[in-house]
Amino acid sequence: MPYNVMRRMISASAFADIAGVSRATIGKWERKGEYVPEVDSLTGRKYFYTDQLTSFPAIKAMNASRWDEELATVPLREYTSVELFAGAGGLALGMEQAGFRHVLLNEIDPSACATLRMNRPEWCVAEQDIATISFRPWCGKVDFLSGGFPCQAFSYAGKQGGFADTRGTLFFELARAVREIEPKVFMCENVRGLAAHDGGRTLDVIKAEIRSMGYTLIEPRVLKAILYKVPQKRERLILIAVRNDLADKAVYKWPDPYYKVMTLRDAFFKGELYDCDVPPSPGQRYPKRKEEVMRLVPEGGDWRDLPEDVRREYMKGSYNLGGGKTGMARRLAFDSPSLTLTCAPAMKQTERCHPTETRPLTVREYARIQTFPDSWQFAGSLQAEYKQIGNAVPVNLAAAVGRSIIRLLNDIERATTPHGEER
């Protein structure tokens, strides 16, 4: 039986993540008999058969996935690429795996640039402010442009200043690069918060700018990394646009999801994602009192599992605030994907404690959650390494999107090459 039609199970937690609801909602559905889980007799954990959850489009797509077929995608010819705001290379590496050849990468952070050069000495890395670069020399010579313009201006975790924040205006530098290069296709990605920012008006400004550039925007989507062989509950808004003269030559198809959800166990131990256990690497440590507190939190638990007196001591003023606060004193679980990684592994509001050891995640554990290969090393201080990894696009997600864009370019190539000949 083909892999993608085998009867598969997902955990209650993964079901909730894919459906976009809380675990409490899953429990409510269970009590009403709407979705009845199987229970592991040894662990007590609850699972659902995916073929019984086909009313959820994402799970239906997992059941009918053509991931293996899409994985075999190869470019009809060499497609060149420019990447902006390249960071530590998560997006660039994924695009390279999909089949693109990068002719230029731009990044302003010295540590991230050192990371790019250390891992790919052949890449041309422009370590400078994007505003100082003329992209005209690449006009007509580049098939694809991509970039994750800085997202702090639109993040739910930030102040959400949007275009009033100078970092938000960097989208217009990306737009300038597109105007000067005129690639066949370009892609930009950002936090999901951008879609709803300022009541959707910020995204409307971006859409209007894309139209004025002479490109047709494919309706943007928020992609959940857990659907693309990434053991992390990260979500990214993806915008893909095709140059107007080519927009009617092919139809873009979003990548199919992987057949199942990867977990921290997949990230840290030998198996489907990696051929060995996670290697040792540097990592932060907790102060003595915080370590004592975190030791009281069970696997998969958070501040609500602490004794009342310790809870009040640890939470301080946050104790009486509204909201779930589930990021505080949070310990991850091996049988679930990681929460979205941040730029620091031990921030009090967004704690990411190791599942069974009382410590923050190491650099290599961080990297594996973002699906970087173990061979990909990071330059700079420990803090700089965490920041680079936390800001990255998960490599496997980038590769899946990259393959879908390669397929789009292949279709354009067939439509615009005489007799549709493959080169």
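Refer to the structure presented above.
Only a predicted model underlies this, so the values are computations on that prediction, with no experimental measurement involved.

Visitor: Residues and numbers for the packing of helix α1 (residues 12-19) against helix α2 (residues 23-31), please.
Guide: Interhelical geometry of α1 versus α2 gives an angle of 110 degrees and a closest axis separation of 9 Å. When the interaxial angle is binned, α1 and α2 end up roughly perpendicular. Every residue of α2 that contacts α1 at A12, S13, F15 and A16 is listed here: R23, I26 and W29.

Visitor: Could you give an account of the sheet that holds strand β2 (residues 38-39), naming the residues involved and the relevant values?
Guide: The 3 strands are arranged β1-β3-β2 in an open sheet whose pairing can be described as antiparallel. Edge positions in the sheet fall to β1 (9-11) and β2, since each of these pairs with one other strand and no more. As judged from the 2 bridges shared by β2 and strand β3 (residues 46-49), these two strands associate in the antiparallel manner. Bridge pairing links V39 to K46 in β3. The sheet strands contacting α1 are β1 and β3, and the helix crosses β1 at an angle near 85 degrees.

Visitor: Just give me the short version of the nonpolar core, but keep the residues and values in it.
Guide: Membership of the largest hydrophobic core comes to 54 residues, with the highest contact counts inside it found for F15, V185, M187, I240, V401 and I405. Sorting the residues of this core by element identifies α1, α2, α3 (57-63), α5 (90-98), β8 (185-191), β9 (215-224), β10 (235-243) and α15 (395-416) as the ones contributing at least two each. Here this core gets 9 residues from one element, more than from any other, and that element is α15. Ignoring anything within four residues of it in the chain, the contact list for I405 reads M95, F100, F144, V185, M187, I240 and Y252.

Visitor: Quick rundown of the packing of aromatic side chains? Include the residues and the values.
Guide: Working definition: an aromatic ring pair is given by the centre-to-centre distance plus the angle between the planes. Applying the stated criterion across every chain, the model contains 21 aromatic pairs. Note on Y366 and Y386: the rings are 5.0 Å apart at their centroids and 80 degrees apart in plane angle, and the pair reads as edge-to-face. Taken together, the residues Y366 in helix α13 (residues 363-369) and Y386 in helix α14 (residues 382-391) connect sequence positions 20 residues apart. Take Y366: its relative accessible area is 0%, and that puts it in the buried class. Looking at Y386, the relative accessible area reads 1%, which means it is buried. Taken together, the ring pairs connect F15, W29, Y35, F48 and F56 into an aromatic cluster. In this structure, K348 packs its charged tip against the face of Y314, placed 4.5 Å from the ring centre.

Visitor: So what's going on with the pairing of β8? Which residues, and what values?
Guide: β8 sits mainly inside the fold: 7 of its 7 residues count as buried. With 4 bridges joining them, strand β7 (residues 144-147) and β8 adopt parallel strand pairing. Across the sheet, S146 pairs through a bridge with M187, a residue of β8. Here β8 pairs with β10 via 7 bridges, running antiparallel. Counterpart to N190 in the pairing with β10 is L237.

Visitor: Explain unusual backbone geometry to me, and be specific about the residues and the numbers.
Guide: Even without being glycine, F85 reaches a positive phi, approximately 50 degrees. Within the element layout of this structure, F85 appears in the loop between β4 (79-84) and α5. The backbone of T371 shows a phi angle near 60 degrees, a positive value even though the residue is not glycine. Assignment of secondary structure puts T371 in the loop between α13 and α14.

Visitor: Summarise the sheet that holds β9; cite the residues concerned and give the values.
Guide: Pairing within the open sheet is mixed, and its 7 strands lie in the order β6-β5-β4-β7-β8-β10-β9. Strand pairing shows two members of the sheet lacking a second neighbour, β6 (125-127) and β9, which therefore form its edges. Direction aside, neighbouring strands of the sheet carry axes that sit 15 degrees apart on average. In terms of strand pairing, strand β5 (residues 100-107) meets β6 through 3 bridges, oriented parallel. Residue pairing across strands places L105 opposite V125, the latter belonging to β6. With respect to the sheet, α5 is in contact with β4, β5, β7 and β8, its orientation differing from that of β5 by roughly 170 degrees.

Quick notes on the rules
- Within each chain, residues carry numbers counting from 1 in the order of the written sequence.
- Local features in this predicted model are restricted to residues of pLDDT 70 or higher, and side-chain atom pairs are both shown and tallied only at a pLDDT of 80 or more, whereas totals for entire chains, interfaces and linings draw on every residue.
- To get the side-chain values, all heavy atoms of the structure are used, and hydrogens and water are removed first.
- Axes here mean lines fitted to C-alpha atoms, for a helix over just the part in contact, with angles spanning 0 to 180 degrees between N-to-C directions.
- A run of DSSP states H or I qualifies as a helix once it reaches four residues; a run of E qualifies as a strand once it reaches two. Both are numbered from the N-terminal end.
- Should an angle fall under 35 degrees it is called roughly parallel, over 145 degrees roughly antiparallel, and 65 to 115 degrees roughly perpendicular, with every other angle called oblique.
- A contact between two residues is defined here by any heavy atoms of the two lying within 4.5 Å.
- Criterion used throughout: strands pair if DSSP finds at least two bridges between them.
- We call a set of buried residues a nonpolar core when its members are Ala, Val, Leu, Ile, Met, Phe, Trp, Tyr or Cys and they connect through side-chain atoms within 4.5 Å of each other.
- With a 1.4 Å probe rolled over the protein chains alone, any residue whose accessible area is under 20% of its type maximum counts as buried; one over 50% counts as exposed, and the rest are partly exposed.
- Two aromatic rings from Phe, Tyr or Trp, using only the six-membered ring of Trp, form a pair when their centres are within 6.5 Å; if the ring planes differ by under 30 degrees the pair is stacked, by over 60 it is edge-to-face, and anything between is tilted.
- Criterion for a charge above a ring: Arg CZ or Lys NZ at most 6 Å from the ring centre, at most 35 degrees from the ring normal.

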